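Now for the letters of each chain:
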Amino acid sequence: MLKMFRYMKERWYYLVMILLLLFVQAFCDLSLPDYTSDIINVGIQQKGIEDGVPEKIREESMDRLFLFMDQEDRELVQTDYSLTDGVYELKDINEEERENLNSILGIPELIVTGLSDPSSQEVTQIKEQMGLDQDADIFQVLEQLPEEQLSQMLSGMEGQFEEMPDSIVTQSAVLFVQEEYSAQGEDLDQMQMNYILLTGGKMLGLAFLGMAAAITVTFLSARVAATLGRNLRNSVYRKVLSFSGAELNHFSTASLITRSTNDVQQIQLLFAMIFRIVLYAPILGIGGVYKVFQTDASMTWILALAVIMIMLFVGLLFKIAMPKFTKLQYLIDNLNLVAREILTGVYVIRAFSTEKHEEERFEDANRTLMKTNLFVNRCMTFMMPVMMLIMNGITVLIVWNGAHAVDEGTMQVGNMMAFMQYAMQIIMAFLMITMMSIMIPRAGVSAKRINEVMETEVSIRDGESHTEPSADRKGEVVFEHVGFAYPGADEETISDISFTAKKGETVAFIGSTGSGKSTLVNLIPRFFDVTRGKILVDGVDVREMDLKNLRDKIGYVPQKGVLFSGTIDSNIRYGNDDASPEEVERAAKIAQAWDFIQEKEDGLEDPIAQGGTNVSGGQKQRLSIARAIAKNPEIYIFDDSFSALDYKTDVVLRRALKKETKDATTLIVAQRISTILHADRILVLDEGRVVGQGTHKELLKSCDVYRQIAMSQLSEEELANE
């Protein structure tokens, strides 16, 4: 799968942008629970007052606080505040200094808050111990006490307060600040509303920023994935075009089509999700864990329990479903293979009335794919309910433990809510990765199948020496003791073939079916490479020539006429885009195609359907011949290319072709003797060997195999004339 990233290197800057935007999105998502906690803890419970550090405090109130501080703390507080007209105002301090100041003021504010209520039990007990009247001002009395006595009395009180949970100390300190602000005439309700609105505004801003980052990531991910899909399809297509017959035989056509379409689509879809989910999930999960430890580490065991449960469930699920995931793509291959065979051979199927049998074949392949898909999907249907059960169970567990912590004063309600949100974010991160794991195995199989194509060694490559052809041997084709065996075959298909075809000559090949005629001519353009001997074109071994240069010298007409979707004109120009209209017309006339072209409504611009299904077999062959003629090559190869023509058209075409190819070498594979009667040399093949060589008349006298073929095709009168 990692090998797929090299097909995206042109968009590397998109990947960097996506990663940065994911961090921005995660920052926004992870910041929101903190603000939720602040609204509950500070905005609602503390009326908008964040801590025990008042912005302004009256001198008399500060003096009361000084009673419960040591000399060092008093000096630090006085450093951070400035006294003006009986009011202490907080200077501009940083976050660390404020936190330190809050820890200094917390317990004194708690004590002052407790002693400010004359009816409280603690104040009553202190007055009784000191023998004071209940109406006496406790603070005035404490101010008059010697410092040693005051320190001794308060040391015990401070020890008790220091054992209190931080949340209770904070709440009491905030209560002191609220009473102080109220005494100064501040509107506490307005302060509370301002804080909630400000915090809510920040949350909205972060939400919009996170949304913008998510949308941009989705857009960029789609662009990168589309680029990956395009590059993969191009690479697979180019690789397949470079395959020789040996590689094409290794992969079925249906499989190559599936790999170029469905497999690429699976990978493209996966990578679009990887950038949006797989990369984001660990960022969110790790950030969530960090935030959890900052919020409250006492309940992290709940998260560990949730993760273990998720991993156990997913592991069990994929142990069951993974083999089926691997099988899916191969079942799609099989379905495509059956469908392609049926569509290609539909006329044969109808002719033999085997529609029912083919329907059953297709239904069997379709049903197997459906059952496998259903099994996988049924396994995956358990995922979401179980995940939701785990999430809801964890929520209940957090509320249960959090409620006890709030009751004990070790946690605030807002902190519990924030912990719950962080826990859900961490679990959602695992859930996202788990959901992606549905796609990853299937895409992994697709990536493996594409890599099989891309890593297949091409057996036929450009020659390394690039030897220049000899000008005096232009158009010459020489076979020197050539032998060839198909990959994996035990025996050679052709053996010890030797002949020379010079410029202007016509050399024909005839023999029974399976004698190796087509195999022989397919070795010249290097559709396969010889396994023994060598083939020379223009005096150079074809294995040492550049493939493009070699094939540019050849005008090839296959046994089965192949046309491409487009127009008649585009098909004739296929080997020579620069051909003038006159050259196209001339090629069509030589190939005896001009008459039926003129009968078409749009002439040369008349459309050709895919595979040439809207023209007859004879018309298809004539257009294929015209395509080779328009190329004006040095060497013509006709691989039984006249079989669909009637005798009259065959004779006229060969006569016109003879004039056209007088300066070129012509190699003809034929089944009909009438097609090759006037060839300069005829090679008779039998079981891959040359059993006769010469002209028609010479072979009738010297070659039994040729004579038998002639007797099966020519009348006694024609033979007698010969």
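Residues numbered from 1 in each chain as written. Predicted model: local features only at pLDDT ≥ 70, side-chain atom pairs only at ≥ 80, totals over all residues. Heavy atoms only, no water.

*Asks:* Can you help me understand the nonpolar core in this one?
*Replies:* Generally speaking, nonpolar side chains in soluble globular proteins are found buried as a group. Residues Met4, Leu228, Leu232, Ile267, Phe271, Ile394 and Ile398 are the most contacted members of the largest nonpolar core, which totals 81 residues. Looking at which element gives the most residues to this core, the answer is helix α13 (residues 300-344), with 16 residues. For Ile398, the residues in contact, after removing those within four places along its chain, are Met299, Ile302, Ala403, Met416, Phe419, Met420 and Ala423. (Core = buried A, V, L, I, M, F, W, Y, C linked by side-chain atoms within 4.5 Å. Buried < 20%, exposed > 50% of the residue type's maximum accessible area, 1.4 Å probe, protein only. Helix = DSSP H or I, 4+ residues; strand = E, 2+ residues; numbered from the N terminus. Contact = heavy atoms within 4.5 Å.)

*Asks:* Would you mind going over the packing of helix α22 (residues 581-590) against helix α24 (residues 617-631) with me for this structure?
*Replies:* In a packed pair of helices, the relevant descriptors are the angle between the two axes and the axis-to-axis distance. Between α22 and α24, the least distance of the axes is 8 Å, while the angle of their chain directions is 135 degrees. In terms of their interaxial angle, α22 and α24 are classed as oblique. Two packed elements cross with a definite hand, and for α22 against α24 that hand is right-handed. Across the interface between the two elements, Ala587, Ala588 and Ile590 of α22 pack against Ala626, Ile629 and Ala630 of α24. (Axes fitted to C-alpha atoms, helices over the stretch in contact; angles between N-to-C directions. Parallel < 35°, antiparallel > 145°, perpendicular 65-115°, else oblique. Left-handed = near helix turned anticlockwise from the far one by under 90°.)

*Asks:* It is not clear to me how the side chain of Ser624 should be interpreted in this structure. Could you clarify?
*Replies:* As for its placement among the helices and strands, Ser624 is situated in helix α24. Classification of Ser624 by relative accessible area gives buried; the value is 0%.

*Asks:* Honestly, the side chain of Arg654 in this entry has me stumped. Any pointers?
*Replies:* Checked against the element boundaries, Arg654 lands in helix α25 (residues 647-660). Setting aside anything within four residues of it in sequence, one finds Arg654 in contact with Phe642, Ser674 and Thr675.

*Asks:* Looking at this structure, I do not really get the packing of helix α9 (residues 188-241) against helix α11 (residues 253-278). What am I missing?
*Replies:* Between α9 and α11, the least distance of the axes is 8 Å, while the angle of their chain directions is 155 degrees. Relative to α11, the element α9 lies roughly antiparallel. Along this stretch, α9 crosses α11, giving a crossing that reads as right-handed. Judged by residue contacts, Val217, Thr218, Ser221, Val224, Ala225, Ala226, Leu228, Gly229, Leu232, Arg233, Val236 and Val240 of α9 engage Leu256, Ser260, Val264, Ile267, Gln268, Phe271, Ala272, Phe275 and Arg276 from α11.

*Asks:* How should the pairing of strand β15 (residues 689-694) be read in this particular structure?
*Replies:* For a regular strand, side-chain orientation follows a simple rule: the groups alternate between the two sheet faces. Where strand β14 (residues 681-686) meets β15, five bridges bridge the pair, whose relative direction is antiparallel. From the neighbouring strand, Leu685 faces β15, where its bridge partner is Val690. Counted along the chain from β14 to the antiparallel partner β15, the turn is two residues long, and its residue Glu687 has a positive phi close to 55 degrees. (Pairing = 2+ DSSP bridges.)

*Asks:* Which parts of the structure should I look at to understand the sheet that holds strand β12 (residues 635-639)?
*Replies:* Within a sheet, adjacent strands bond to each other through the backbone by hydrogen bonds, running parallel or antiparallel. Across the sheet, which stays open at both edges, the six strands sit in the order β9-β12-β13-β6-β14-β15 with mixed pairing between neighbours. The sheet is open, and its two borders are formed by β9 (554-557) and β15, each paired with just one other strand. Averaged over all pairs of adjacent strands, the angle between strand axes in this sheet comes to 15 degrees, irrespective of strand direction. Relative to β14, strand β6 (residues 506-511) runs parallel, the two being bridged by five bridges. If you follow Gly511 over to β14, its bridge partner there is Leu685. Taken strand by strand, α24 contacts β9 and β12, and its axis lies near 180 degrees from that of β9.

*Asks:* Sorry, what's going on with helix α18 (residues 439-454) here?
*Replies:* Residue pairs spaced three or four apart in an α-helix point in one direction, given the helix's 3.6 residues per turn. An ideal rise of 1.5 Å per residue puts 22 Å on 16 residues; α18 measures up with 22 Å between its terminal C-alpha atoms. Of all 16 residues in α18, twelve are buried; the element is thus mostly enclosed. (Expected span 1.5 Å × (residues − 1).)

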